[in-house]
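Next come the chains, spelled out residue by residue.
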Amino acid sequence: MFENDYIMRQIKELTAVIAKILFGAKSESMSLMLQQRERQKVEFLVDRMKNGEIQDAVDEINSLADTNTKENLLIGLEFYSQLSDMDDDFFAEKGYNLAKARESFEKFVEKFGLQQMTDLYFGADDDK
């Protein structure tokens with residue numbers, strides 16, 4: 001459990017650092033970097049995820065990525081940061097798993113040309 005908590009903290013810190021570098025943002029919290037409308041979008045998608053509609057939320061994130069704006073990138077990073085906070089019991093209950101999360105995140109960041117972020121978020125893929 002300690003190892004998972006440590007990894008999740010590292011992901012959040014990494015996300016904040018990336019946002020600072022890419023967008024010149026000065027906030028430590030990803031959600032504080034978002035405007036009210038984008039924060040509401042993240043909250044809506046996270047609520048869907050928590051209600052078991054993970055795939056629908058992921059599909060919507062991928063649709064947002066089609067427009068390829070920095071705001072949509074931040075929305076997606078915040079969503080995936082919160083998704084990665086969920087424990088194994090949550091994933092099992094909702095019929096989802098970390099492998100699916102990794103695959104969907106990989107597709108998301110690929111649309112922004114940031115494929116290397118997948119290994120930073122989820123570690124190296126042993127299947128490659």
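Structural data are supplied above this passage.
Okay, so let's go over this structure. (Residues numbered from 1 in each chain as written. Predicted model: local features only at pLDDT ≥ 70, side-chain atom pairs only at ≥ 80, totals over all residues. Heavy atoms only, no water.)

Our focus in this paragraph is the side chain of Arg-48. Mapped onto the elements, Arg-48 comes out in helix α3 (residues 36-50). A residue is classified by how much of its surface remains accessible, and Arg-48, at 18% relative accessible area, is buried. Not counting the four nearest positions on each side in its chain, Arg-48 is found in contact with Glu-53, Ile-54, Asp-56, Ala-57 and Glu-60. (Helix = DSSP H or I, 4+ residues; strand = E, 2+ residues; numbered from the N terminus. Buried < 20%, exposed > 50% of the residue type's maximum accessible area, 1.4 Å probe, protein only. Contact = heavy atoms within 4.5 Å.)

What follows is about the nonpolar core. Counting 28 residues, the largest nonpolar core has Met-49, Ile-61, Phe-79, Tyr-80, Leu-83 and Phe-108 as its most contacted members. Of all elements in the fold, only α3, α4 (54-65), α5 (70-85), α6 (88-94), α7 (98-110) and α8 (117-122) reach the threshold of two or more residues within this core. Excluding anything up to four places from it in sequence, Ile-61 contacts Leu-45, Ile-75, Gly-76, Phe-79, Tyr-80 and Phe-108. (Core = buried A, V, L, I, M, F, W, Y, C linked by side-chain atoms within 4.5 Å.)

It is worth spelling out the packing of α4 against α7 at this point. Pairs of packed helices are described in terms of their axes, by the angle between the two and the distance that separates them. One way to put it is that α4 packs onto α7 with a least axis distance of 9 Å and a crossing angle of 15°. Considering their axes alone, α4 and α7 lie roughly parallel with respect to each other. At the point where α4 passes α7, the crossing takes the left-handed sense. Within the contact between the two elements, α4 uses Val-58, Ile-61, Asn-62 and Ala-65 and α7 uses Ser-104, Lys-107 and Phe-108. Here the residues of the contact of α4 with α7 are counted per class, giving four nonpolar, two polar and one charged. (Axes fitted to C-alpha atoms, helices over the stretch in contact; angles between N-to-C directions. Parallel < 35°, antiparallel > 145°, perpendicular 65-115°, else oblique. Left-handed = near helix turned anticlockwise from the far one by under 90°. Nonpolar A, V, L, I, M, F, W, Y, C, P; charged D, E, K, R; others polar.)

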